[in-house]
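Secondary and tertiary structure notes
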Amino acid sequence: MTAADGGVAGFVLSLVPQGDAPILWVQDCLSEREAGRPYLPGLTTGRRVIHITLSRVSDALWAMEEGLRCAALGAVIGEVWGDPPALDFTATQRLAIRAESAGLPCWLLRRAATPGLSAARNRWRIASLPSRAHPHDPQAPGDPRWQADLFRSRQARPGIWVASHDRAADRLDFSAAFRDGAVAEGDGAAERRAAG
Amino acid sequence: MERQNDAPPDDLAVVLATEGPHGPVIHAANRAARLAGIAAGARVVDMRAICPDLRVEYADVQGDRQALDRLRLWARRWCPWTVVDGPDGLILDTTGSDHLWGGEALMLEEMETRLSLLGLTARLAVAPTWGAAWALARYGRVRTICPPGQLAAALAPLPVAGLRLDGETRLLLQRLGLKTIGALAAVPRLSLTRRFVRSALPAKPLLRLDQAMAGLAEPVASVEAPRRIRAEVRLAEPIQDPTHYLPALCEDLCAQLAHAGLGCRKLHLTVYRTDGEVSMVDLAIASGSRDARHLHGLFKGKLDRINPGFGFDLISLDAGMVEPLGARQTRLDGGGAAEDLHLPQLIDRLAARFGARVIKRPILAASHVPERAERWTDALTDTDGAPGPPVRERPLRLLTPPEEVRVLYAVPEGPPAQFVWRRQTHRITRYEGPERIAPEWWKDRPGTRLRDYFKVEDQTGRRFWLFRQGLQEDGRGGDPRWFLHGMFA
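This structure is a prediction, so every number in the text was calculated from the model and none was measured. (Residues numbered from 1 in each chain as written. Chains lettered and ligands numbered in written order. Predicted model: local features only at pLDDT ≥ 70, side-chain atom pairs only at ≥ 80, totals over all residues.)

**Section: the overall build of chain A**
Within chain A, the secondary structure is distributed over four helices and nine strands. Of the regular secondary structure in chain A, the N- to C-terminal order runs α-β-α-β-β-α-β-α-β-β-β-β-β. Out of the 196 residues belonging to chain A, those deemed buried represent 50%. Long-range pairs, those at least 24 residues apart, make up 72% of the contacts in chain A with a sequence separation of at least 6. (Helix = DSSP H or I, 4+ residues; strand = E, 2+ residues; numbered from the N terminus. Buried ≥ 20, exposed ≤ 12 C-beta atoms within 10 Å, placed from the backbone. Contact = placed C-beta atoms within 7 Å.)

**What about the overall build of chain B?**
The helix and strand inventory of chain B stands at 13 helices and 20 strands. Relative to its full complement of 489 residues, chain B shows a buried share of 28%. Restricting to contacts in chain B with at least 6 residues of sequence separation, those with at least 24 account for 49%.

**A look at the interface of chain B and chain A**
Between chain B and chain A, the residue contacts involve 39 residues of the former and 43 residues of the latter. When residues of the side of chain B that touches chain A are traced back to their parent elements, those giving at least two are helix 13 (343–354), strand 13 (359–364), strand 15 (397–409), strand 17 (424–437), strand 18 (451–458) and strand 20 (481–487) of chain B. Tallied by class, residues from the side of chain B that touches chain A come to 21 nonpolar, five polar and 13 charged. (Nonpolar A, V, L, I, M, F, W, Y, C, P; charged D, E, K, R; others polar.)

**Looking at helix 3 (residues 57–67) of chain A**
Residues spaced three or four apart along an α-helix face the same direction, because each turn holds 3.6 residues. Within helix 3 of chain A, the full set of buried residues consists of Val57, Ala60, Leu61, Trp62, Ala63, Met64 and Gly67 of chain A. Among the structural elements, strand 1 (23–28), strand 3 (49–54), strand 4 (75–81), helix 4 (89–102) and strand 5 (106–111) of chain A together with helix 13 of chain B are those in contact with the buried residues of helix 3 of chain A.

**Some details on the sheet that holds strand 14 (residues 374–378) of chain B**
The six strands lie next to each other as 5(A)-4(A)-1(A)-3(A)-13(B)-14(B), forming an open sheet whose pairing is mixed. Of all the strands in the sheet, the pair left with one neighbour each is strand 5 of chain A together with strand 14 of chain B. Between one strand axis and the next, the sheet turns through 25° on average, direction left out of account. Pairing of strand 1 of chain A with strand 3 of chain A, which is carried by six bridges, proceeds in the parallel orientation. Within the sheet, the bridge partner assigned to tryptophan 25 of chain A lies in strand 3 of chain A and is histidine 51 of chain A. Here helix 13 of chain B sits on the sheet and contacts strand 3 of chain A together with strand 13 of chain B; the angle it forms with strand 13 of chain B, its principal contact strand, is near 120°. (Pairing = 2+ DSSP bridges. Axes fitted to C-alpha atoms, helices over the stretch in contact; angles between N-to-C directions.)

**Digging into the confidence of the model for chain A**
Confidence in the prediction of chain A, expressed as mean pLDDT, is 83, and 88% of residues score 70 or more. Every residue in residues 180–196 of chain A scores below 50 in pLDDT, and together they form 54 contacts with partners more than four places removed in sequence or on other chains. (pLDDT = per-residue confidence, 0-100.)

**Here's the deal with the nonpolar core**
Membership of the largest hydrophobic core comes to 98 residues, with the highest contact counts inside it found for Met64 and Val76 of chain A together with Leu253 and Leu466 of chain B. Every residue in contact with leucine 253 of chain B, bar those within four places of it in the chain, is listed here: Ile229, Ala231, Leu317 and Ala319 of chain B. Grouped together as the second largest cluster of nonpolar side chains are 31 residues, Met107, Leu124, Ala154 and Leu163 of chain B included. (Core = buried A, V, L, I, M, F, W, Y, C linked by C-beta atoms within 7 Å.)

**Let's talk about the pairing of strand 17 of chain B**
All names here are of chain B. Examined bridge by bridge, strand 16 (residues 416–421) and strand 17 share four bridges and lie antiparallel to one another. Within the sheet, the bridge partner assigned to glutamine 418 lies in strand 17 and is arginine 427. From the end of strand 16 to the start of strand 17, which pair antiparallel, there are two residues, and arginine 422 there has a positive phi angle of about 50°.

**Topic: the packing of helix 3 of chain A against helix 4 of chain A**
All names here are of chain A. Where helix 3 meets helix 4, the closest approach of the two axes is 9 Å, and the angle between their N-to-C directions is 15°. Viewed along their axes, helix 3 and helix 4 adopt a mutual orientation that is roughly parallel. Read as a crossing pair, helix 3 and helix 4 show a hand that is left-handed. Taken together, the residues of helix 4 that come into contact with helix 3 (itself represented by Leu61, Met64 and Glu65) are Ala91, Arg94, Leu95 and Arg98. Grouping the amino acids of the contact of helix 3 with helix 4 by side-chain chemistry returns four nonpolar, no polar and three charged. (Parallel < 35°, antiparallel > 145°, perpendicular 65-115°, else oblique. Left-handed = near helix turned anticlockwise from the far one by under 90°.)

**Comments concerning helix 10 (residues 205–212) of chain B**
All names here are of chain B. Here helix 10 lies mainly inside the structure; seven of its eight residues are buried. Along helix 10, the residues that are buried comprise Pro205, Leu206, Leu207, Arg208, Leu209, Gln211 and Ala212. The inward-facing, buried residues of helix 10 abut helix 5 (130–139), helix 6 (151–155), helix 7 (167–175), helix 8 (181–186) and helix 9 (189–195). Downstream of helix 10 by one or two residues, alanine 214 has phi in the positive range, about 70°.

Right under this line is the structure:
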């Protein structure tokens, strides 16, 4: 996956459980500049989003931890660019334990990063795949599909799937893995950390 | 009311104006303007004809009212009962408090001195009734004092406008030849009653006359000032660090707030140093709160800003912006849920550390232009009346500002075949569009070019939102430029 891919956010948002609790979305400055900020008219969930952009990664992680103390939130999503020293094993472990004790879903989206040590419960590597056929227009891209590679997990067997999001039903379908030469692996990482 | 420090020179005619149905109308005039013949209620254009070098400022009616309300509470230094009287007056019930200032004459002098120190000019009078004091202050001599026995004699030479009558009644009385209060009082009561039987109170001269002459009671109904909510600790020895006293102060403050049924939106921690200096820490809270643990938590890391000097011996914690806050039961079994769980508390904790401007929330706005289809507001704004989501599909992420790309395309008006963005070439396999979004002529500068948006998918499956700015021969600049504006899921 390359750095500026909207697929990760789409994959994560399709995993947010139903409800109308607000989402806390924390970004560091670099990921906002490089990959853009979430755009409300494009978020089909219809939820409130509380958005914070912080220049320091340690502040962003602190804000995520604070968010995990608040049960009124529906999810906490953080975005961190690259491999900053503040995001070490201890920091990920703090987040994971906080998320597990609060029972809140928490995702850390990492772009342009190497898959180093992390205490995340589930770690995914997401890449966009050519979309499904548009029902009305053969020229146009249809519902999105992603290659979802669960490469480390405490709860499930790791594996590679093709995930496709059915927007009409708001459903995420995982189908059997396949190997596609067009999808290069290992040039970036999107980690997903889910609690509970 | 004019503040002395920024007041214009006395010889310059200055008026304050408000918007009337046919243009600005004069709300108040200074002495120079009044001497030039300018009266309140006239139109500004007419008065410019009389006095060409007239300076016109807009009146802040709301601000004046608030200032007068504050002045009402400030005036409690002289007597306990004070009320606001109309847009420009205060009534003080000084019964039994004038001897504290050495008599009524000395009290009036003291008042005038104090008010002039505030930069206010005042006209004062003492009378047994509200109506008589109103008339004497506005139409009597300076600092008139009217003893109870001489009420009729003091009021008799004043014009009938001193009876707080409305304009039509004043005009009517003038036409009837009744120019002074004394002339009005000489008319038989029966005829006055019959003449004004259908009018409301401000138009009944007889009732107003009775009020002024103490025939009809008009008590001063004073409103209690809101109690200041404040907790403080006095220390025997000066200390350097207030940390240990904060929990108790917060507890004390929250107990007072709970007793009054209030929550506060601001906190001011003040330390009074032994060398006379004062140091303050201010905190803002997103929604009214009286949870001691939460309030205490907000001071984390803020106390470093206090400069203790040689130590301080008095710490006070003030609640600001108090608002009613009812008690809420969150659970049936009587146990309270932890206050941490509420969203406003989270916003507070984040705002206390990063500043309130960083924490924002997008809401939808009614516009076709993608940048204006969402607006960023405070995190706790409610979105009543916000428009629904857009009909067309929109990207999940937006780049601000849009980044320019180099494009290769087969036909000038068609979709691109390939584009280069951040030095990487993307070959387009599928596209959807164009979706034409015209500039908003009522907001945009003239010459803004229209945009044709394309949703494209490149060879690896990434989906982007591209737009072409302008058309080939639209006469608004050269060749159209291409930009990448967002990413789809």
